[in-house]
Amino acid sequence: MSFVTRFAPSPTGYLHLGHALSALTAFDAARAANGRFLLRIEDIDLGRARPEFEAAIYEDLAWLGLSWEEPVRRQSEHMAEYAEPLQDLIGRGLVYRCFRTRKEIADAIASAPHGAAEERFAGEALPAEEEAQRLAAGDAFAWRLSLKKARAALGPAYFALVFEDETAPVRAEPERHGDVVLARKDFGASYHLASVWDDALQGVTHVTRGEDLREAAHLHVLLQKLLGLPQPVYRHHRLVLGEDGKRLAKRDRSATLRALRDAGKTPADVRALVGLG
Ligand code: GLU
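Below or above, wherever it landed, is the structure these notes cover. The model shown is predicted, which means the values in this text are computed figures rather than measured ones.

Here we look at unusual backbone geometry
Turning to step 1, where the next piece is worked out: For the peptide bond that leads from Glu70 to Pro71, omega is 0°, which places it in the cis range.
Turning to step 2, where the next piece is worked out: Secondary-structure assignment places Pro71 in the loop between α2 (51-64) and β3 (73-74).
Turning to step 3, where the next piece is worked out: With phi around 55°, Asn34 is a residue other than glycine that occupies positive phi space.
Turning to step 4, where the next piece is worked out: Tracing the chain through its elements places Asn34 in the loop between α1 (17-32) and β2 (36-41).
Turning to step 5, where the next piece is worked out: Taking the relative accessible area as the measure of exposure, Asn34 reaches 73% and is therefore exposed.
Turning to step 6, where the next piece is worked out: Of note, Glu166 is a non-glycine position whose phi angle comes to about 65°, a positive value.
Turning to step 7, where the next piece is worked out: Tracing the backbone through its elements, the reader meets Glu166 in the loop between β6 (162-165) and β7 (168-171).

Observations regarding the nonpolar core
Turning to step 1, where the next piece is worked out: Ranked by internal contacts, the top residues of the largest apolar core, which has 38 residues, are Leu89, Leu145, Leu182, Leu222 and Leu226.
Turning to step 2, where the next piece is worked out: Among the elements of the structure, α3 (83-91), β5 (142-145), α6 (147-154), β8 (181-184), α8 (191-201) and α9 (214-227) are those that each provide at least two residues to this core.
Turning to step 3, where the next piece is worked out: For this core, the leading source of residues is α9, giving seven residues.
Turning to step 4, where the next piece is worked out: Setting aside residues no more than four positions away along its own chain, Leu226 makes contact with Leu89, Arg92, Leu94, Leu145, Ala150 and Leu154.
Turning to step 5, where the next piece is worked out: If you look at the next biggest cluster of nonpolar residues, it comprises 28 residues, including Phe27, Leu61, Leu64 and Leu66.

Some words on the site of the ligand
Turning to step 1, where the next piece is worked out: Lining the immediate environment of the ligand, one finds Arg6, Ala8, Pro9, Ser10, Glu42, Tyr191, Ser195, Arg209 and Leu213.
Turning to step 2, where the next piece is worked out: Within the side chain of Arg6, an N or O atom sits 2.8 Å from an oxygen atom of the ligand.
Turning to step 3, where the next piece is worked out: Contacts to the ligand include Ala8, whose backbone N or O atom sits 2.7 Å from a nitrogen atom.
Turning to step 4, where the next piece is worked out: Within the complex, the protein chains bury 79% of what would otherwise be the 300 Å² of accessible surface of the ligand.
Turning to step 5, where the next piece is worked out: Classifying every residue of the shell around the ligand by side-chain character gives four nonpolar, two polar and three charged.

Some words on the packing of aromatic side chains
Turning to step 1, where the next piece is worked out: Summed over the entire model, instances satisfying the criterion amount to seven aromatic pairs.
Turning to step 2, where the next piece is worked out: For the ring pair Tyr14 and Phe53, a centre distance of 4.9 Å and an interplane angle of 85° mean the geometry is edge-to-face. Of the two residues, Tyr14 sits in the loop between β1 (4-7) and α1 while Phe53 sits in helix α2, which places them 39 residues apart along the sequence.
Turning to step 3, where the next piece is worked out: Accessibility expressed as a relative area gives 29% for Tyr14, which makes it partly exposed.
Turning to step 4, where the next piece is worked out: Both rings, one in Phe163 and one in Tyr234, keep their centres 5.8 Å apart while their planes meet at 80°; by these two values the pair is edge-to-face. Taken as a pair, Phe163 in strand β6 and Tyr234 in strand β10 (residues 233-237) lie far apart in primary sequence, 71 residues in all. Neither Phe163 nor Tyr234 differs from the other in exposure class; each is buried.
Turning to step 5, where the next piece is worked out: Taken together, Phe99, Phe141 and Trp143 form an aromatic cluster joined through their ring pairs.
Turning to step 6, where the next piece is worked out: Over the ring of Tyr158 we find Arg151; its NZ or CZ atom is 5.6 Å from the centre of that ring.

Thoughts on α6
Turning to step 1, where the next piece is worked out: Here α6 has its buried residues at Leu147, Ala150 and Leu154. Take α6 and look down its axis: the buried residues cluster within an arc of 60°, on one side only. The exposed residues of α6 that point more than 90 degrees off its buried face are Lys148 and Ala152.
Turning to step 2, where the next piece is worked out: Against the buried residues of α6 lie β5, α7 (156-159) and α9.

Procedures and definitions
- Residues numbered from 1 in each chain as written.
- Predicted model: local features only at pLDDT ≥ 70, side-chain atom pairs only at ≥ 80, totals over all residues.
- Heavy atoms only, no water.
- Helix = DSSP H or I, 4+ residues; strand = E, 2+ residues; numbered from the N terminus.
- Buried < 20%, exposed > 50% of the residue type's maximum accessible area, 1.4 Å probe, protein only.
- Core = buried A, V, L, I, M, F, W, Y, C linked by side-chain atoms within 4.5 Å.
- Contact = heavy atoms within 4.5 Å.
- Near = heavy atom within 4 Å.
- Polar contact = N/O pair within 3.5 Å; in protein donor to acceptor, adjacent residues only side chain to side chain.
- Areas by Shrake-Rupley, 256 points an atom, 1.4 Å probe, with all protein chains shown as cover.
- Nonpolar A, V, L, I, M, F, W, Y, C, P; charged D, E, K, R; others polar.
- Phe/Tyr/Trp six-rings, centres within 6.5 Å; stacked < 30°, edge-to-face > 60°.
- Lys NZ or Arg CZ within 6 Å of the ring centre and 35° of its normal.
- Arc of directions from axis to C-beta.

Given below as structure tokens:
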């Protein structure tokens with residue numbers, strides 16, 4: 001079996017030890033399987049992505065000793081392509097325009113009949129006339145996946161959705177996410193749509209990422225099913241914790257690869273620091 005995996009950072013900050021663990025885990029696995037390692041730049045959030053962070057990604061990964069296939073897929077160069085899966089879902093009535101603000105959604109969740117903290121947003125399209133008025137007024141909206149419609153479309157297959165988490169199958173629970181945003185009026189695709197689409201397009205067989213993204217797999221397998229895309233195997237690795245015992249965040253400057261390099265650390269030190277020594 002061919003083995004294709006990827007590291008897909010967003011250029012919204014400098015890479016830190018957590019990213020190093022992701023990238024090295026994926027790279028080592030590809031090498032061990034005699035497979036392919038891809039680098040993908042997830043820069044669809046044009047407001048937050050910065051060229052200097054992207055340049056730093058290439059520099060830091062090369063310093064770590066990684067190499068990847070060229071050309072690198074930069075999502076910002078392919079924004080129009082994400083219209084294809086979106087139009088497919090729109091045509092099948094599986095997404096709807098949601099005009100609610102974040103605050104309105106928070107209120108709707110708070111007043112949901114079950115009232116449970118984990119209650120997630122479920123909405124539906126406005127009546128046609130009202131929607132036409134909102135559109136004519138130029139109001140902002142998001143395209144949300146309707147879990148209700150997805151369940152109806154898939155029937156029993158919805159409840160049989162599983163994803164391979166390394167070796168064990170996990171029953172997918174897309175409802176953990178509620179009706180997620182797949183695109184916005186003026187923003188072609190969300191992370192979920194672009195990531196799932198690109199993994200299929202690039203022939204990714206193994207998705208390697210931190211366990212903080214295991215939640216996303218519950219939704220991604222549903223999107224794959226609805227869009228007729230192949231399902232990769234998921235490999236969620238443990239997270240690297242900071243000195244305070246909490247997961248690393250972009251603000252932890254001292255854990256960035258450049259800070260470590262400036263402090264005289266070597267790529268071998270970084271491997272040891274993330275437990276791959
Ligand atoms: N771009 C995402 C991030 O930097 C990773 C997404 C993924 O690996 O699927 O958190």
